[in-house]
Amino acid sequence: MIKLLKPLAILSIFGFPIAVILYRLDVIAFSVSFQLIKYTVIFAVAVFFLSMIAGFVMRKNKDQARVARMAALIAFIPIIGIGSQVFTAKSVPFIHNISTDTINPPAFDKVVSLRSAEHNPHEYKGETIVDEASGQTLAELQLAAYPNVVTLVSDLSKAEAHAKAKSVAEEMGWELVNSDADAGIIEATQTTMIWGFKDDVVVRLSDVSGKVAVDLHSVSRIGGSDLGANAKRIETFLAKFKG
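Just so we're clear, the structure is a prediction, and the values are computed from it rather than from any experiment.

Cut-offs applied
Residues numbered from 1 in each chain as written. Predicted model: local features only at pLDDT ≥ 70, side-chain atom pairs only at ≥ 80, totals over all residues. Heavy atoms only, no water. Axes fitted to C-alpha atoms, helices over the stretch in contact; angles between N-to-C directions. Helix = DSSP H or I, 4+ residues; strand = E, 2+ residues; numbered from the N terminus. Parallel < 35°, antiparallel > 145°, perpendicular 65-115°, else oblique. Left-handed = near helix turned anticlockwise from the far one by under 90°. Contact = heavy atoms within 4.5 Å. Phe/Tyr/Trp six-rings, centres within 6.5 Å; stacked < 30°, edge-to-face > 60°. Buried < 20%, exposed > 50% of the residue type's maximum accessible area, 1.4 Å probe, protein only. Pairing = 2+ DSSP bridges. Core = buried A, V, L, I, M, F, W, Y, C linked by side-chain atoms within 4.5 Å. Arc of directions from axis to C-beta.

### Quick word on the packing of helix α1 (residues 2-13) against helix α3 (residues 30-57)
Here comes step 1: Close contact between α1 and α3 brings their axes to 10 Å; oriented N to C, the two are set at 150°. On the basis of their axis angle, the class for α1 and α3 is roughly antiparallel. With respect to the hand of their crossing, α1 and α3 are arranged in left-handed fashion. Residues Ile 2, Leu 5, Leu 8, Ala 9, Leu 11 and Ser 12 of α1 form the contact with α3, whose own contacting residues are Thr 40, Phe 43, Ala 44, Val 47, Leu 50, Ser 51 and Ala 54.

### Focus on the packing of aromatic side chains
Here comes step 1: For the structure shown, the criterion picks out 12 aromatic pairs.
Here comes step 2: Considering the side-chain rings of Phe 16 and Trp 195, the 5.9 Å spacing of their centres and the 90° angle between planes classify their relative orientation as edge-to-face. Taken together, the residues Phe 16 in helix α2 (residues 15-24) and Trp 195 in the loop between β6 (185-191) and β7 (198-208) connect sequence positions 179 residues apart.
Here comes step 3: Residue classification places Phe 16 among the partly exposed positions, given a relative accessible area of 27%.
Here comes step 4: For the pair Phe 48 and Phe 49, a centre-to-centre distance of 5.4 Å together with 80° between the ring planes defines the contact as edge-to-face.
Here comes step 5: By relative accessible area, which is 18% here, Phe 48 ends up buried.

### Digging into the pairing of β6
Here comes step 1: Counting buried positions along β6 yields six of seven residues, so the element is predominantly enclosed.
Here comes step 2: Taken together, the five bridges between strand β5 (residues 175-180) and β6 define a ladder with antiparallel strand orientation. Bridge assignment links Glu 175 to a residue of β6, and that residue is Thr 189.
Here comes step 3: Summarising the sheet, β6 and β7 pair through seven bridges and their orientation is antiparallel. Residue pairing across strands places Ile 185 opposite Arg 204, the latter belonging to β7.
Here comes step 4: What sits between β6 and β7 in their antiparallel hairpin is a turn of six residues, with Gly 196 showing a positive phi close to 75°.

### A few points about the nonpolar core
Here comes step 1: Within the largest apolar cluster, 29 residues are counted, with the highest numbers of intra-cluster contacts made by Trp 174, Val 203, Val 214, Leu 216 and Phe 237.
Here comes step 2: Among the elements of the structure, α5 (138-145), α6 (158-171), β6, β7, β8 (211-220) and α7 (229-242) are those that each provide at least two residues to this core.
Here comes step 3: Broken down by element, the residue count for this core peaks at five residues, all from α7.
Here comes step 4: Each residue touching Phe 237, except ones within four places of it in the same chain, is listed here: Ala 165, Val 168, Ala 169, Met 172, Trp 174, Val 203, Val 214 and Leu 216.
Here comes step 5: Counting 13 residues, the second-largest nonpolar core is a separate cluster that includes Phe 48, Ala 68, Ala 75 and Ile 79.

### As for the side chain of Thr 102
Here comes step 1: Tracing the backbone through its elements, the reader meets Thr 102 in the loop between β1 (97-99) and β2 (129-131).
Here comes step 2: Once residues within four sequence positions are removed from consideration, Thr 102 is found in contact with Tyr 124, Gly 126, Ala 139, Gln 142 and Leu 143.

### Let's talk about α2
Here comes step 1: For α2, every residue scored as buried is listed here: Gly 15, Ala 19, Val 20 and Tyr 23. Projected onto a plane normal to the axis of α2, the buried residues spread over an arc of 130° and lie on a single side.
Here comes step 2: Packing partners of the buried residues in α2 comprise α1 and α3.
Here comes step 3: Looking one or two places after α2, you find Asp 26, whose phi comes out positive at around 60°.

Below you can see the structure in the form of structure tokens.
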């Protein structure tokens, strides 16, 4: 029994990367990979507690107790790794659509053709109630969670602002889909590093009282919660644009 604990603990480490790899190879759907990760955590927790119990029971046998403690330590790795993601998900609102302008959000054009019916809607509807329990709308949840996601007013000309916005987008690794300086629009897609999720972004530059208003709208194609990724993307863009 003791000899099996360490191999089982090592096996638990591979649940997450296997789920990611199979999803990215289009072998399984995201929902299936999510279930695989869930069962990985359950398996890791079981191995962890079995190892802790075995270590206590075999405490007089130093070699076996050490093997059990090592197995517990290994099994704790996926628990911590996946658990941190669960903690992040609990700390942010369950939304995936963010805009600096919640009343008149920047609209997508060219990006729309890249999305399918299986993807999340690309429109931002701030008045939509997304939390049935509290009755809060999308805009209310966003503004409460991400107060820094607001319109940036720049002293640059529209042409200068467009050039800078395009430069920042490229610096951030976005794949440009549409860049129209006259319309003051930039559309792009960013692919997440681990899962390869595609999130779409539109930057809108508007003339306002001799200045330029910089607005962004970022939305995930799949998933209910973005774990704060879209808001962070917009905040990073705005910081780089101002810098």
